[in-house]
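Residue strings, one per chain:
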Amino acid sequence: MAECHRLTFESCRSRHTLTWSHRALATSSGGNVRAVAAGRIEKLWRQFFSDPSQWWDCRPEKVNSNYPDFKHKHTQDALWLVHRKNPTWVRAQLAAMAPGTVQLDMFSWNRRLARYVKAGQHEKTIELYQEMQQKGMSPDNFTFVPVLNACASLRALEAGRKVHEEIIQSGCEADVFVGNSLVDMYSKCGSIEDACKVFNNMPSRDVVTWNAMILGHVKCGQGQKALELFHQMQQKGVQPTPATLIGVLNACASMFALQEGRCTHEQIIESGWESDVFVGSSLVDMYAKCGSMEDAERVFNKMLSRNVVTWTTMILGYVKCGQGSKALELFQQMQQEGVQSDPVMFVGVLNACASIVALEEGRHAHEQIIQSGYESVAVVGNSLIDMYAKCGSIEDAKRVFNKLPSRDVVSWNVMIFGHVKYGQRAKSTGIISTNARGRCTASSIDFSGSAECMCKCSCT
DNA sequence: ATAGGGTTAG
């Protein structure tokens, strides 16, 4: 604030907010914007600041975003600026606006909610929403979107249903954004039935509505329904976006529908989204999952821009069809091209090493993982154990296992599988009794069963 | 033109 105090009127005028506030003020006082001289504007500002009742735009209609008020730092700056001769007065006015004294308006609440969601702080979003309700604010359509988003990320179905009720109460159901967020929330929380219900009742839909529905159906294993929705959408003349095409390609992949996938590929070329990295990577993935590595290669080689996901898709595709050495070649090529690696990519590489029993390459990848700092990532740790176990180096597997910061069911299963497969029964007995958490003791396990059976046993 | 919101690949 002390710095603002030192600003001159001219230096501050160049700021957009202030300029537009001037303009709004000038307009609201009945003057021609262009005709109002700088001196006149400054006079208006002075009048404005001398009357604190004007500080908050309390008009019932939508808040005029051009109208200056003290929610904005720029406007606060202006306060210092205009009353720079009387800092005591300014300080008193600002103190009067301290939290708790002045009620935040809807815009500020909604902006805070949106920021929390963007930062991935979903619990905080919900807390803020509750706080807002306690303070007697009635949420609007801009409030519900981030709140539903948080519920979706937390997979909080019950909380989401409660928000849905509040949406109905507030009369925001008809808003397309709110409807889209509801569809997304329900499908992410695993209730595709509710998502369909919302969808069917929506008075207006847009491409995002369709996308949310298509992706929701794919994620819950209803690929056929997703394709039907895509056809319906096209019949209504809605143009697909990358999210649509990704959903449709995922649907094809989930059903191993190569023919349908090829048709979608043609449509993608027609639509011009072919050069989109997300769409391209999904195409590669679709072909790989449908068992046509030739097509995947063709798409991959033609892609104008690729990223780590694209490369990982190819690597995992090769592993899956039993071409582990090709996967490792691709990994080398990727490094030569200077593509930044990430944890999932290393999972692919470790899978490749495991599939062709390439211990040396596996060790080398391990070194790189340590260098990149990914060794503490759960999936990477588990893949390392798996790779070492499958390559026959139980000692290395054990070393990684003991160093894991947290062990999940997969860590234990991979470890047990490794021990059993390589004939060290006694050690796997020990592991299971440690893992059991009182549910499953070593004596209750039939070690004459297959390794797979024991893996299941450790899960229960 | 002038504050804020939704879907998206391994």
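- The name that an unreviewed UniProt entry assigns to chain A is Pentatricopeptide repeat-containing protein, with the source organism given as Sphagnum jensenii.

As for the overall build of chain A
Moving on, step 1. When its secondary structure is counted, chain A shows 27 helices and 0 strands.
Moving on, step 2. Among the 460 residues that make up chain A, the fraction classed as buried is 44%.
Moving on, step 3. Long-range contacts, defined as pairs at least 24 residues apart, comprise 56% of the intrachain contacts of chain A with a sequence gap of at least 6.
Moving on, step 4. Of the roughly 24,000 Å² of accessible surface on chain A, a fraction of 52% belongs to carbon and sulfur atoms.

Section: the packing of aromatic side chains
Moving on, step 1. Overall, the coordinates contain 5 aromatic pairs when judged by the stated rule.
Moving on, step 2. Geometrically, the ring pair formed by F331 and F346 is edge-to-face, given 6.3 Å between the ring centres and 70° between the ring planes. Taken as a pair, F331 in helix 20 (residues 324-336) and F346 in helix 21 (residues 343-355) lie far apart in primary sequence, 15 residues in all.
Moving on, step 3. Judged by its relative accessible area of 6%, F331 is buried.
Moving on, step 4. Given a relative accessible area of 1%, F346 falls into the buried group.
Moving on, step 5. With a centroid separation of 5.0 Å and an interplanar angle of 75°, the aromatic rings of F401 and W412 are classed as edge-to-face. Taken together, the residues span a long stretch of sequence, with F401 in helix 24 (residues 394-403) and W412 in helix 25 (residues 409-421) at a distance of 11 residues.
Moving on, step 6. What makes F401 buried here is its relative accessible area of 6%.
Moving on, step 7. Here W412 falls in the buried class, since its relative accessible area comes to 10%.
Moving on, step 8. Three or more aromatic residues link up through ring pairs in this structure, and these residues are F331, F346 and Y374.
Moving on, step 9. Positioned over the ring face of W109 is R112, at 5.4 Å from the centre of the ring.
Moving on, step 10. For the cation-ring pair, R306 lies above F300, with the distance from its terminal atom to the ring centre recorded as 4.3 Å.

Observations regarding unusual backbone geometry
Moving on, step 1. Its identity is not glycine, yet F256 carries a phi of approximately 55°, on the positive side.
Moving on, step 2. On the secondary structure map, F256 appears in the loop between helix 15 (242-254) and helix 16 (258-271).
Moving on, step 3. With relative accessibility at 61%, the residue F256 sits in the exposed group.
Moving on, step 4. A positive phi is found at V357, a non-glycine position, where the angle reads about 50°.
Moving on, step 5. Along the chain, V357 falls in the loop between helix 21 and helix 22 (359-372).

Quick word on helix 13 (residues 207-219)
Moving on, step 1. Here helix 13 is 13 residues long and its end C-alpha atoms lie 18 Å apart, about the 18 Å a rise of 1.5 Å per residue gives.
Moving on, step 2. Buried within helix 13 we find T209, W210, N211, A212, M213, I214, G216, H217 and V218.
Moving on, step 3. On its buried face, helix 13 sits against helix 11 (176-188), helix 12 (192-201), helix 14 (223-235) and helix 15.
Moving on, step 4. Measuring from the backbone nitrogen of V208 back to the side-chain oxygen at the start of helix 13 gives 3.1 Å, which picks out D206 as the cap.
Moving on, step 5. A positive backbone phi angle near 85° is found at G221, which sits one or two residues after helix 13.

Brief notes about the environment of M202
Moving on, step 1. Tracing the chain through its elements places M202 in the loop between helix 12 and helix 13.
Moving on, step 2. The class for M202 is buried, based on a relative accessible area of 9%.
Moving on, step 3. Taking the C-alpha atoms as reference points, M202 and V176, separated by 26 residues in sequence, lie 7.7 Å from one another.

Some points on the pattern of salt bridges
Moving on, step 1. In the structure shown here, the tally under the stated rule is 15 salt bridges.
Moving on, step 2. Note that E274 and K302 form a salt bridge whose closest N and O atoms lie 4.0 Å from each other. Of the two residues, E274 sits in the loop between helix 16 and helix 17 (277-289) while K302 sits in helix 18 (residues 293-302), which places them 28 residues apart along the sequence.
Moving on, step 3. On the basis of relative accessibility, which here comes to 33%, the residue E274 falls in the partly exposed class.
Moving on, step 4. Overall, K302 belongs to the exposed group, its relative accessible area being 59%.
Moving on, step 5. Close ionic contact of R363 with D396 constitutes a salt bridge, the shortest N to O distance being 2.7 Å. Here D396 lies in helix 24 and R363 lies in helix 22, a separation of 33 residues in the sequence.
Moving on, step 6. The exposure class of R363 is partly exposed, given its relative accessible area of 29%.
Moving on, step 7. Shared partners join several salt bridges into a network, and the residues in it are E158, R161, D194 and K197.

Describing the packing of helix 24 against helix 25
Moving on, step 1. Put simply, helix 24 and helix 25 touch, their axes get as near as 10 Å, and they point 160° apart. In this view, helix 24 runs roughly antiparallel relative to helix 25, as classed from their interaxial angle. Here helix 24 and helix 25 pass one another in a crossing that is left-handed. Residue-level contacts link I394, A397, K398 and F401 of helix 24 to S411, W412, M415, G418 and H419 of helix 25.
Moving on, step 2. Taken together, the residues that form the contact of helix 24 with helix 25 break down as 5 nonpolar, 3 polar and 1 charged.

What about the confidence of the model for chain A?
Moving on, step 1. Considering every residue of chain A, the mean pLDDT works out to 80; 71% of them sit at 70 or more.
Moving on, step 2. Across residues 432-460 the pLDDT falls below 50, and counting only partners more than four positions away or on other chains, this stretch makes 34 contacts in the model.

Comments concerning the UniProt feature "repeat: PPR" (unreviewed entry) in chain A
Moving on, step 1. Mapped onto this numbering, the UniProt entry annotates "repeat: PPR" (unreviewed entry) at residues 105-139, 175-205, 206-240, 276-306, 307-341 and 377-411.
Moving on, step 2. Summarising residues 105-139: 74% helix, 0% strand, and an end-to-end C-alpha distance of 11 Å.
Moving on, step 3. Within the segment residues 276-306, helix and strand shares are 74% and 0% respectively, and the terminal C-alpha atoms sit 9 Å apart.

Some words on helix 18
Moving on, step 1. Of the residues making up helix 18, those classed as buried are M293, D295, A296, V299 and F300. Taken end-on, helix 18 shows its buried residues confined to a sector of 160°, consistent with a single buried face. Exposed side of helix 18, more than 90 degrees from the buried face: R298, N301 and K302 are the residues found there.
Moving on, step 2. Considering only its buried residues, helix 18 is in contact with helix 16, helix 17 and helix 19 (308-320).

Here is what the cut-offs are and how they apply
Residues numbered from 1 in each chain as written. Chains lettered and ligands numbered in written order. Predicted model: local features only at pLDDT ≥ 70, side-chain atom pairs only at ≥ 80, totals over all residues. Heavy atoms only, no water. Helix = DSSP H or I, 4+ residues; strand = E, 2+ residues; numbered from the N terminus. Buried < 20%, exposed > 50% of the residue type's maximum accessible area, 1.4 Å probe, protein only. Contact = heavy atoms within 4.5 Å. Areas by Shrake-Rupley, 256 points an atom, 1.4 Å probe, with all protein chains shown as cover. Phe/Tyr/Trp six-rings, centres within 6.5 Å; stacked < 30°, edge-to-face > 60°. Lys NZ or Arg CZ within 6 Å of the ring centre and 35° of its normal. Expected span 1.5 Å × (residues − 1). Polar contact = N/O pair within 3.5 Å; in protein donor to acceptor, adjacent residues only side chain to side chain. Salt bridge = Lys/Arg side-chain N within 4 Å of Asp/Glu carboxyl O. Axes fitted to C-alpha atoms, helices over the stretch in contact; angles between N-to-C directions. Parallel < 35°, antiparallel > 145°, perpendicular 65-115°, else oblique. Left-handed = near helix turned anticlockwise from the far one by under 90°. Nonpolar A, V, L, I, M, F, W, Y, C, P; charged D, E, K, R; others polar. pLDDT = per-residue confidence, 0-100. UniProt positions renumbered as here; feature names shortened; annotations may be inferred. Arc of directions from axis to C-beta.

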